[in-house]
Amino acid sequence: MARARVNGVDLFYEVAGEGEPLVLVHGSWVDHENWQRVVPRLAQSFRVLVYDRRGHGRSESLPGQGSRRQDEDDLGSLIEAFGAPAHVAANSFGASTALGLAARRPELLRSLTAHEPPLMGVVGEEDPQLRPLMAAMQVRLDGVLAAVRADEHRLGAQRFVDDVAVGRGGWEQLPERFRESFAANAPTFADEQADPDWSRIDLAGLSDYPGPVMLTFGSESPPWLPVIVGKLATALGRAQVRTLVGDGHVPHLTHPERYADDLVAFIRSSELPPAHP
């Protein structure tokens, strides 16, 4: 257990294993413990860093409106301190953060694995089938935010799990300590949503990222997430895209061994020299 002072904020982190650096970036509502089912397996191959993003878990929360760019800067500073360049694997809002850093500071990333970044800003109005789905999702998100802003953090967390991320009954299946974590981190979710750029990314900048990328989405996830992944894959050009059959938004929790093995295999394959014709 340790703390790092970066960009004016104290961040909590833990390191396990030896080898090349691998940084895991969690999504909204949760903290570094969200990775606990995959860290032991990954630590057999890498020196793994997990941390609480600002405003989450045991990391500091600063007053005033935050931004995803701050999270990107935090991640960049941690990588520099940990040993750049690093492999990065990220989920949900953490995946948006990692992709944003890749667009701005590609030299910091040795490889990037991103699962279901909610970058809705890359989905245009041109798809008439997605418009009603996106509108319905926004209504559900508004219900989540209404509860959180009324200081009903546990209710907001439950609505997010049941109505947005997992589906009805998902909240009841969570261990109580995860429910407590969701409720504790609810104010930071509202802050993230208030950032006008939370769902956008510089696709032109991202297209210049030269490193290996694997983009994934779950077969059980909402249909707008594969569309986002497809838009990002088009921008990146050389990204691997994988459908995780039987998974939804948190494959590292639902199928941790498969997630860890797939991640290790991708990183190892990305290190191989290109085959000559």
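What comes next is a walk through the structure. (Residues numbered from 1 in each chain as written. Predicted model: local features only at pLDDT ≥ 70, side-chain atom pairs only at ≥ 80, totals over all residues. Heavy atoms only, no water.)

### Things to note about the overall build of the protein
Then step 1. Assigned secondary structure in the protein consists of twelve helices and eight strands.
Then step 2. Its C-alpha radius of gyration of 18 Å places the protein within 12% of the 19 Å reference for a compact globule of 277 residues.
Then step 3. If one aligns the C-alpha atoms of the protein with their principal axes, the spans along those axes are about 55 × 45 × 35 Å.
Then step 4. Residue pairs in contact within the protein that sit at least 24 positions apart in sequence constitute 74% of those at least 6 positions apart.
Then step 5. Carbon and sulfur atoms form 52% of the exposed surface of the protein, whose accessible area is close to 12,100 Å². (Helix = DSSP H or I, 4+ residues; strand = E, 2+ residues; numbered from the N terminus. Rg over C-alpha atoms; globule rule 2.2 N^0.38 Å. Contact = heavy atoms within 4.5 Å. Areas by Shrake-Rupley, 256 points an atom, 1.4 Å probe, with all protein chains shown as cover.)

### Examining the sheet that holds strand E4 (residues 46-51)
Then step 1. Taken in spatial order, the eight strands line up as E1-E2-E4-E3-E5-E6-E7-E8 in an open sheet, and their pairing is mixed. Of all strands in the sheet, those with a lone pairing partner are strand E1 (2-6) and strand E8 (240-244), marking the two edges. For this sheet the average axis-to-axis angle between neighbouring strands, irrespective of direction, equals 25°.
Then step 2. By the bridge criterion, four bridges tie strand E2 (residues 9-16) to E4 in an arrangement that is antiparallel. Bridge pairing in E4 links tyrosine 13 to tyrosine 51. (Pairing = 2+ DSSP bridges. Axes fitted to C-alpha atoms, helices over the stretch in contact; angles between N-to-C directions.)

### Some thoughts on helix H4 (residues 130-149)
Then step 1. Taking 1.5 Å per residue as the helical rise, H4 with its 20 residues ought to reach 28 Å, and the 28 Å between its terminal C-alpha atoms agrees with that figure.
Then step 2. Burial in H4 covers these residues: Leu130, Met134, Met137, Leu141, Val144, Leu145, Ala147 and Val148. Summarising the axial view, the buried residues of H4 lie within an arc of 155°, below the 170-degree limit, and thus occupy one face. The exposed residues of H4 that point more than 90 degrees off its buried face are Pro132 and Val139.
Then step 3. On its buried face, H4 sits against helix H5 (153-165), helix H8 (186-194) and helix H10 (224-236). (Expected span 1.5 Å × (residues − 1). Buried < 20%, exposed > 50% of the residue type's maximum accessible area, 1.4 Å probe, protein only. Arc of directions from axis to C-beta.)

### Here's the deal with the side chain of asparagine 34
Then step 1. By the element assignment, asparagine 34 lies in the loop between strand E3 (20-25) and helix H1 (39-42).
Then step 2. Within polar-contact distance, the side chain of asparagine 34 engages the side chain of histidine 252 at 2.6 Å. (Polar contact = N/O pair within 3.5 Å; in protein donor to acceptor, adjacent residues only side chain to side chain.)

### Section: the nonpolar core
Then step 1. Judged by nonpolar contacts, the single largest core of 66 residues is most densely connected at Val23, Trp29 and Leu215.
Then step 2. Setting aside chain neighbours within four positions, we find valine 23 in contact with Leu49, Tyr51, Leu75, Ile79, Phe82, Ala86, His87, Val88 and Ala89.
Then step 3. In this structure, Val39, Leu42, Phe46 and Leu263 belong to the second largest nonpolar core, which totals 18 residues. (Core = buried A, V, L, I, M, F, W, Y, C linked by side-chain atoms within 4.5 Å.)

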